[in-house]
Amino acid sequence: MSSAATSGEYWLISVPGEKGANDAWDKLNRATGNLSTNSKYLIPDLKVGTLDQLVGLSDDLSKLDTSAEGVIRKLVQYFTEVLEEDKSKIAENLVIGNKDMKTYVTKFQWEGAKYPLKQSLKVLSEIIGKQITQIDNDLKMKSLAYNNLKNALASMDRKTTGSLLTKDLADLVKAEDFVLNSEYLQTIIVVVPKILVKEWETKYATLSSMVVPGSSKLLTEEGDHALYTVTLFKKVIDEFKNIARENKFIVRDFVYDEETLKAGRTERDKLMSEKQKQYAPLIRWLKINFGEIFSAYIHIKALRVFVESVLRYGLPVNFQAAVIEPAKGQSKKLRQELQKLYIHLDGSAAGPIDTLEDSPALMSLGVNEYYPYVFFKLNIDFSNK
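Residues numbered from 1 in each chain as written. Predicted model: local features only at pLDDT ≥ 70, side-chain atom pairs only at ≥ 80, totals over all residues. Heavy atoms only, no water.

### Remarks on the domain arrangement of the chain
Inference 1: Partitioning the chain into structural domains gives domain 1 (9–152 + 274–379) and domain 2 (175–255).
Inference 2: Averaged C-alpha coordinates put domain 1 and domain 2 at centres separated by 68 Å. (Domains from an automatic or database assignment.)

Shown next as structure tokens:
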């Protein structure tokens with residue numbers, strides 16, 4: 001096994017076994033040399049079943065493979081979103097037990113407790129299929145609940161950002177800024193462009209009748225605007241609003257109410273607390289279930305290699321499976337070496353299926369991806385794909 005610099009792409013292949021237990025493996029390693037890093041893909045003796053079952057299963061496993069990869073991508077993408085500022089830590093969370101993905105693939109061991117070898121291939125594929133569906137459904141439910149919290153918080157936070165024309169005023173005003181509980185008077189909030197501040201201060205009391213002189217007070221300035229209060233009689237508020245707008249002074253629709261403001265702050269605190277409470281269990285669930293779904297995915301690949309090997313090379317079951325990681329920039333040369341080594345298998349396999357047209361699973365790969373040996377590509381980079 002070489003220690004060439006690797007590219008991150010894996011090829012799962014199988015070739016017919018030979019007389020000696022390690023003959024096929026040794027031949028593969030000699031041929032590939034420094035072009036790749038090779039590991040044995042230890043697939044156990046599984047129950048073969050009939051030819052018809054294998055052909056049907058080949059198609060089912062292809063769909064299961066696509067489905068599992070889709071769920072993994074969704075889970076990893078969501079995991080990254082949940083980590084927020086810690087998203088750079090995503091890689092250290094993508095583990096299977098205590099193994100990273102590369103170690104799990106290159107030192108693969110069949111997990112008999114989850115996927116009992118006494119079961120038929122069909123039953124094993126059904127066990128994995130149910131597992132994938134369950135994780136997918138749970139992910140949808142958990143992400144919906146957490147997202148609802150996040151969105152409610154984001155909506156509240158959006159109101160505290162932006163310009164004085166739109167943002168929530170709760171943190172900018174105090175009770176003493178207002179005339180409260182008056183039958184006739186009301187204090188209103190006005191947004192004034194900074195370039196018109198002097199004009200406001202000289203004109204506000206004359207914009208309509210019944211404005212209390214000297215009642216305008218600057219609360220704050222942000223960006224291009226200033227925020228003022230002004231007190232006037234309730235019955236002229238609409239008239240004042242219209243004239244103010246004509247002068248580019250915007251009256252905010254705001255009535256000071258201590259209870260409403262307090263309730264808003266309490267609601268945000270409750271949402272934040274609930275989000276923090278859900279965060280750790282959600283991270284734990286995502287980590288555990290990434291391990292579960294990735295393990296299921298690599299077992300599907302093992303089942304596919306097994307089924308295609310039997311269909312290609314026939315009975316008794318005798319093949320050598322390998323995980324091959326091409327060295328960087330060597331994929332083309334590696335492919336040529338493998339072609340030279342195994343070209344004799346093309347069209348002369350001893351198994352029940354020896355032409356491309358005979359296998360729906362092989363046809364589904366596309367003619368351009370047909371090789372004389374069993375081949376599946378594996379990419380374990382699930383980021384932004």
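### With respect to helix α7 (residues 237–246)
Inference 1: Inspection of α7 places Ile237, Phe240 and Ala244 among the buried residues, and these make up the whole buried set. Buried residues in α7, looked at end-on, bunch into an arc of 60 degrees, giving them a common side. Opposite the buried face of α7, by more than 90 degrees, sit the exposed residues Asp238, Arg245 and Glu246.
Inference 2: At its buried positions, α7 is contacted by β5 (185–193), α6 (197–203), β7 (225–233) and β8 (250–252).
Inference 3: Looking one or two residues beyond α7, the residue adopting positive phi is Lys248, at roughly 70 degrees. (Buried < 20%, exposed > 50% of the residue type's maximum accessible area, 1.4 Å probe, protein only. Helix = DSSP H or I, 4+ residues; strand = E, 2+ residues; numbered from the N terminus. Arc of directions from axis to C-beta. Contact = heavy atoms within 4.5 Å.)

### Here we look at the environment of Val173
Inference 1: Its location among the elements puts Val173 in the loop between α5 (121–159) and β5.
Inference 2: Taking the relative accessible area as the measure of exposure, Val173 reaches 8% and is therefore buried.
Inference 3: For the pair Val173 and Thr229, spaced 56 residues apart in the sequence, the C-alpha separation amounts to 9.7 Å.

### Quick word on the packing of helix α1 (residues 23–32) against helix α9 (residues 331–342)
Inference 1: Where α1 contacts α9, the axes come no closer than 9 Å and their chain directions differ by 140 degrees. When the axis of α1 is compared with that of α9, the two are oblique. Like other packed secondary-structure pairs, α1 and α9 cross with a definite hand, here right-handed. Taken together, the residues of α9 that come into contact with α1 (itself represented by Ala24, Lys27, Leu28, Ala31 and Thr32) are Leu334, Glu337, Leu338, Leu341 and Tyr342.
Inference 2: Classifying every residue of the contact of α1 with α9 by side-chain character gives 7 nonpolar, 1 polar and 2 charged. (Axes fitted to C-alpha atoms, helices over the stretch in contact; angles between N-to-C directions. Parallel < 35°, antiparallel > 145°, perpendicular 65-115°, else oblique. Left-handed = near helix turned anticlockwise from the far one by under 90°. Nonpolar A, V, L, I, M, F, W, Y, C, P; charged D, E, K, R; others polar.)

### Regarding the confidence of the model for the chain
Inference 1: Of all residues in the chain, 91% have pLDDT values of 70 or greater, and the mean over the chain is 89.
Inference 2: Taken as a whole, residues 1–7 scores under 50 in pLDDT and shows 24 contacts with residues more than four places along the chain or in a different chain. (pLDDT = per-residue confidence, 0-100.)

### Brief notes about the sheet that holds strand β9 (residues 319–326)
Inference 1: The 4 strands lie next to each other as β2-β9-β1-β10, forming an open sheet whose pairing is antiparallel. The two strands at the open ends of the sheet, each matched to only one other strand, are β2 (36–40) and β10 (374–379). Across the sheet, the axes of successive neighbouring strands diverge by a mean angle of 25 degrees, strand direction being ignored.
Inference 2: Note that strand β1 (residues 9–16) and β9 share 6 bridges and pair antiparallel. The residue of β9 that forms the bridge with Pro16 is Phe319.
Inference 3: Lying on the sheet, helix α8 (residues 258–313) is in contact with β1, β9 and β10; it crosses β10 at an angle near 165 degrees.
Inference 4: In the packing of α9 onto the sheet, contacts are made with β1, β2, β9 and β10, and the angle to β1 comes to roughly 5 degrees. (Pairing = 2+ DSSP bridges.)

### Things to note about the packing of aromatic side chains
Inference 1: Within this structure, the stated rule accounts for 19 aromatic pairs.
Inference 2: When the ring of Phe290 is compared with that of Phe294, the centres are 5.7 Å apart and the planes differ by 25 degrees; the resulting orientation is stacked. Within this pair, Phe290 and its partner Phe294 are both found in helix α8, separated by 4 residues, close to a single helical turn. Across this residue pair, the class does not change: Phe290 and Phe294 are buried.
Inference 3: Arranged with centres 6.2 Å apart and planes meeting at 80 degrees, the rings of Phe294 and Phe382 form a pair that is edge-to-face. (Phe/Tyr/Trp six-rings, centres within 6.5 Å; stacked < 30°, edge-to-face > 60°.)

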